[in-house]
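Remarks on the overall topology
Residue-level listing of the chains:
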Amino acid sequence: MSISNYAENKLLDTIRGTSFSVSNAYLKLHTGDPGEDATANAATETTRKVVAFSAASSGSMASSGTVEWTNVSTTETVTHWSLWDAASSGNALWSGALASSAALTAGDTFQITSLTITLD
């Protein structure tokens, strides 16, 4: 799991009094490691889905509901996710590997039922 360079700088800036917030967070799928700035190995299924999180505790926070892609556009295997601050364009916030890869067939429904983000 990796926090993006953008998010690292924004979090550090809060220490000097610059406020930072994200209205909504969006999940994107990847077919391999997206890299620290989440620009590599994007899945052909490009729709980003809103994900909500419970309050952080003990250095981590967990999603508070299932995120679902219905009728995926392409047959491919997804292995990673990235978190963004916008439904399109925007800034990458975080990325990580799925608990296990998922072989999707065009037309399938894919769900992420739980996602936990942790600061080490």
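So, here is what we can say about the structure in this document. (Residues numbered from 1 in each chain as written. Predicted model: local features only at pLDDT ≥ 70, side-chain atom pairs only at ≥ 80, totals over all residues. Heavy atoms only, no water.)

**Some thoughts on the packing of aromatic side chains**
Summed over the entire model, instances satisfying the criterion amount to 2 aromatic pairs. When the ring of Tyr6 is compared with that of Phe20, the centres are 6.2 Å apart and the planes differ by 70°; the resulting orientation is edge-to-face. You can see Tyr6 sitting in helix α1 (residues 5-15) and its partner Phe20 sitting in the loop between α1 and β2 (25-30), a full 14 residues away along the chain. Overall, Tyr6 belongs to the partly exposed group, its relative accessible area being 26%. Phe20 sits in the partly exposed class, given a relative accessible area of 28%. On the basis of an interplanar angle of 35° and a centroid distance of 5.9 Å, the ring pair of Trp69 and Phe110 is categorised as tilted. Taken together, the positions of Trp69 in strand β5 (residues 67-69) and Phe110 in strand β8 (residues 110-112) put the pair 41 residues apart, joining distant regions of the chain. On the basis of relative accessibility, which here comes to 1%, the residue Trp69 falls in the buried class. By relative accessible area, which is 9% here, Phe110 ends up buried. (Phe/Tyr/Trp six-rings, centres within 6.5 Å; stacked < 30°, edge-to-face > 60°. Helix = DSSP H or I, 4+ residues; strand = E, 2+ residues; numbered from the N terminus. Buried < 20%, exposed > 50% of the residue type's maximum accessible area, 1.4 Å probe, protein only.)

**Thoughts on the pairing of β2**
For a regular strand, side chains alternate in direction, first toward one face of the sheet and then toward the other. A large share of β2 lies buried, amounting to 6 of its 6 residues. Taking every second residue as pointing to the same face, both faces of β2 are buried, with Ala25, Leu27 and Leu29 on one and Tyr26, Lys28 and His30 on the other. Note: β2 against strand β3 (residues 49-51), 3 bridges, orientation antiparallel. Counterpart to Ala25 in the pairing with β3 is Val51. Direction of pairing for β2 relative to strand β6 (residues 76-84): antiparallel, over a ladder of 5 bridges. Along β6, the bridge assignment pairs Leu27 with Leu83. (Pairing = 2+ DSSP bridges.)

Any functional reading would require information that these geometric values do not contain.
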